[in-house]
Amino acid sequence: YLPFLCFLSFFLMPSAFANGLIPHRALYDITLHRLDKGHTMVNIAGEASLSVKATCNGWISDHLFTLIYDYRDTPPIKMTSAISSHESYDAKRFSFTTDRQRNGVTYEKIRGNLTKDTEKTVFTHPQARTVKTSKDTFLPMQHTQTLVSAAKNGRRHITLPLFDGSSDKGPM
């Protein structure tokens, strides 16, 4: 029955696709084009990828960033950030995981879940704790849908509190 329910749920989804959001994958090359004289950094280069998939009950987003920082007097530093999340279509539930590495060594892990109905974000890593989260906090896909809608209505500037799971400090 699960495959049928999953298939049926695509027809019952909120207006995610109607608002112009579709599953996709994007790859980017990152290069430094200009740097002010006297800067200790001599180059930055890397790549980024973004994948957004629609599931039975929400969006799965995967972001991978790899950057190599070259400084004048030190060996290059390779920084990698991997961020994965699941956001329910109604933007009431959000689970997230973030891993960061410096030269292949993990230095930060963030894990948790946000539930808007209870106004709580529960972090399970780096330390177990619960943080109050406003129902007004936007989740990534909800944020994107709101920005697209505002742009279609001619708004050129909009500020919204966003939580994407990339920090244990709460909304940006």
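Reading the values: rules and limits
- Residues numbered from 1 in each chain as written.
- Predicted model: local features only at pLDDT ≥ 70, side-chain atom pairs only at ≥ 80, totals over all residues.
- Heavy atoms only, no water.
- Core = buried A, V, L, I, M, F, W, Y, C linked by side-chain atoms within 4.5 Å.
- Buried < 20%, exposed > 50% of the residue type's maximum accessible area, 1.4 Å probe, protein only.
- Helix = DSSP H or I, 4+ residues; strand = E, 2+ residues; numbered from the N terminus.
- Contact = heavy atoms within 4.5 Å.
- Expected span 1.5 Å × (residues − 1).
- Polar contact = N/O pair within 3.5 Å; in protein donor to acceptor, adjacent residues only side chain to side chain.

1. Examining the nonpolar core
Phase 1: If you look at the biggest cluster of nonpolar residues, it comprises eight residues: Ala91, Phe94, Phe96, Ile110, Leu114, Phe123, Leu139 and Phe163.
Phase 2: Where this core is concerned, the elements lending two or more residues are strand E5 (93-102) and strand E6 (105-115).
Phase 3: What Leu114 contacts, discounting residues up to four positions off in sequence, is Lys92, Arg93, Phe94, Phe96, Lys120, Thr121, Thr133, Leu139 and Phe163.
Phase 4: In this structure, Val52, Trp59, Tyr89 and Met141 belong to the second largest nonpolar core, which totals five residues.

2. Looking at helix H2 (residues 140-152)
Within an α-helix, residues lying three or four positions from one another point in the same direction, as the helix has 3.6 residues per turn.
Phase 1: Relative to the 18 Å expected for 13 residues at 1.5 Å per residue, H2 spans 18 Å between its end C-alpha atoms, a close match to the ideal helical length.
Phase 2: Buried residues along H2 sit in contact with strand E2 (41-54), strand E3 (58-71) and strand E4 (74-88).

3. A short note on the side chain of Ser81
Phase 1: With respect to the helices and strands, the residue Ser81 is situated in strand E4.
Phase 2: Judged by its relative accessible area of 16%, Ser81 falls in the buried class.
Phase 3: One polar contact links Ser81 to Arg100, side chain to side chain, over a distance of 3.4 Å.
Phase 4: In this view, Ser81 contacts His63, Leu64, Phe65, Asp99 and Arg100; residues no more than four positions away in its chain are not counted.

4. Overview of the side chain of Ser88
Phase 1: Within the secondary structure, Ser88 sits in strand E4.
Phase 2: A polar side-chain atom of Ser88 sits 3.1 Å from the main-chain amide nitrogen of Lys92.
Phase 3: In this view, Ser88 contacts Asn57, Gly58 and Arg93; residues no more than four positions away in its chain are not counted.

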